[in-house]
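# Commentary on secondary and tertiary structure
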Amino acid sequence: MAAASPPAVLQVSGIEKRFGGVVALNGASLSIAAGKVTALVGDNGAGKSSLVRVISGVFSPDSGTIHVGGKPVAIPNPRAARALGIHTVFQDLALVGCLDVVQNVFLGDEVHARFGGLRMPWLNRGHMEQATREALDRLHVSTLQDLLQPVEVLSGGQRQTIAIARAVRQDARLLILDEPTAALGVKQSRQVFEAVARIRASGTAVLLISHNLREVFAASDYIAVMRLGRVSRIFETATANEEEVVSAIVGANRRSESEMPGSGTARSVEGG
Ligand SMILES: Nc1ncnc2c1ncn2[C@@H]1O[C@H](COP(=O)(O)OP(=O)(O)OP(=O)(O)O)[C@@H](O)[C@H]1O
Ligand SMILES: [Mg+2]
């Protein structure tokens, strides 16, 4: 029997999204637990990025509901997502290469100096540097000594951790990482996953999109499989094996998908 589930930070239910004749999301439902890493896997075109875009306020769904902390919410734009504590690191990272580490961590959210309660036109650089250092310390990032370097000279792994630091600084309730290590080598990937482990330990929920099942098994608590625009199965990573996850991804072995939701470690919502 399934153990008592940790509280959900975010629940999406029955999300539909069409692009003309293409059904990107066809009733996708997912619950993301606090302090856990949920991996979102599935074949190309299964709807993973579309679901993430709905949760991050990039796409508005045609139908379906979203609850954050148990309350129904609308997420009409990325700013609204961030205000709800949902931070997404997209694959292209949205960093500005010619700006330094501190400027990127505070991009679009710069802290101005104040004088006698008035906002000054110049920035409070000291405060921003200190907060950047604190965010990187929380991730145990020690390879970034010089915060004044433009990020374009940094490695892919370092850039990825800066994008994560930006979310950590803003006290994310849910951090979404879309293929964070797709372009990284072994050592840099490890650096990113160490950061993910710290974030998880701090109580933040992580939704991790990845095609790399070895990484998924090493880093996640739950594995949600998307197929044909829906979350078709959810596995508890500790008791799942790679073969059954692959079967769920490609849609094989449907007979074993007939278990009722919640009846065991693997749940199915794909109709018989
Ligand atoms: N902006 C868009 N306009 C039209 N169709 C789209 C758009 N975004 C996604 N789609 C379609 O929706 C479906 C789901 O795409 P999505 O990008 O969500 O898949 P994915 O699971 O992220 O795949 P991948 O693993 O390849 O990144 C695809 O058929 C895709 O072509
Ligand atoms: Mg995608």
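The structure this text deals with has already been given above.
Report follows, based on the coordinates.

Parameters and conventions
Residues numbered from 1 in each chain as written. Chains lettered and ligands numbered in written order. Predicted model: local features only at pLDDT ≥ 70, side-chain atom pairs only at ≥ 80, totals over all residues. Heavy atoms only, no water. Helix = DSSP H or I, 4+ residues; strand = E, 2+ residues; numbered from the N terminus. Expected span 1.5 Å × (residues − 1). Buried < 20%, exposed > 50% of the residue type's maximum accessible area, 1.4 Å probe, protein only. Contact = heavy atoms within 4.5 Å. Near = heavy atom within 4 Å. Polar contact = N/O pair within 3.5 Å; in protein donor to acceptor, adjacent residues only side chain to side chain. Pairing = 2+ DSSP bridges. Axes fitted to C-alpha atoms, helices over the stretch in contact; angles between N-to-C directions. Right-handed = clockwise from strand over helix to strand, strands pointing away.

The next subject is helix α6 (residues 186-201). A rise of 1.5 Å per residue sets the reference length of α6, with its 16 residues, at 22 Å; its end C-alpha atoms lie 22 Å apart and thus fit the reference within 8%. Among the residues of α6, S189, Q191, V192, F193, A195, V196 and I199 are the ones counted as buried. Summarising the contacts, the buried residues of α6 are in contact with β3 (37-42), α5 (156-169), β9 (174-178), β10 (205-209) and α7 (213-219). Count one or two residues on from α6 and you reach G203, which has phi positive near 100 degrees.

Around ligand 1, the neighbouring residues are F19, V22, A24, D43, N44, G45, A46, G47, K48, S49, S50 and H211. Taking G47, its main chain carries an N or O atom lying 2.9 Å from an oxygen atom of ligand 1. Contact between ligand 1 and H211: an oxygen atom at 2.8 Å from a side-chain N or O atom of the residue. Of all the secondary-structure elements, those providing two or more residues to the shell around ligand 1 are β2 (22-33) and α1 (48-55). In terms of residue count, the dominant contributor to the shell around ligand 1 is α1 (3 residues).

Let's shift gears to the sheet that holds strand β4 (residues 63-68). Taken in spatial order, the 4 strands make up an open sheet running β2-β1-β4-β5, and their pairing is antiparallel. Edge strands, defined here as strands with exactly one partner in the open sheet, are β2 and β5 (71-73). Strand-to-strand twist in this sheet, taken as the mean axis angle between neighbours without regard to direction, amounts to 25 degrees. Bridge count for strand β1 (residues 8-19) against β2 is 9 bridges, and the pairing is antiparallel. When the sheet's bridge partners are listed, A8 is paired in β2 with A33.

So, on to the environment of I176. Among the secondary structure elements, I176 is positioned in strand β9. C-alpha separation for the pair I176 and I209, spaced 33 residues apart in sequence, amounts to 7.9 Å. With residues near it in sequence (within four places) discarded, I176 still touches V52, I55, S56, I86, H87, T88, V89 and L207.

Most of β9 is tucked away: 5 of the 5 residues are buried. Here strand β6 (residues 86-89) runs beside β9; their pairing, made up of 4 bridges, is parallel. Residue pairing for β9: T88 is matched across the bridge by I176. Relative to β10, β9 runs parallel, the two sharing 5 bridges. Bridged to L177 within β10 is L208. The parallel pair β9 and β10, bridged by α6, forms a crossover whose chirality is right-handed.

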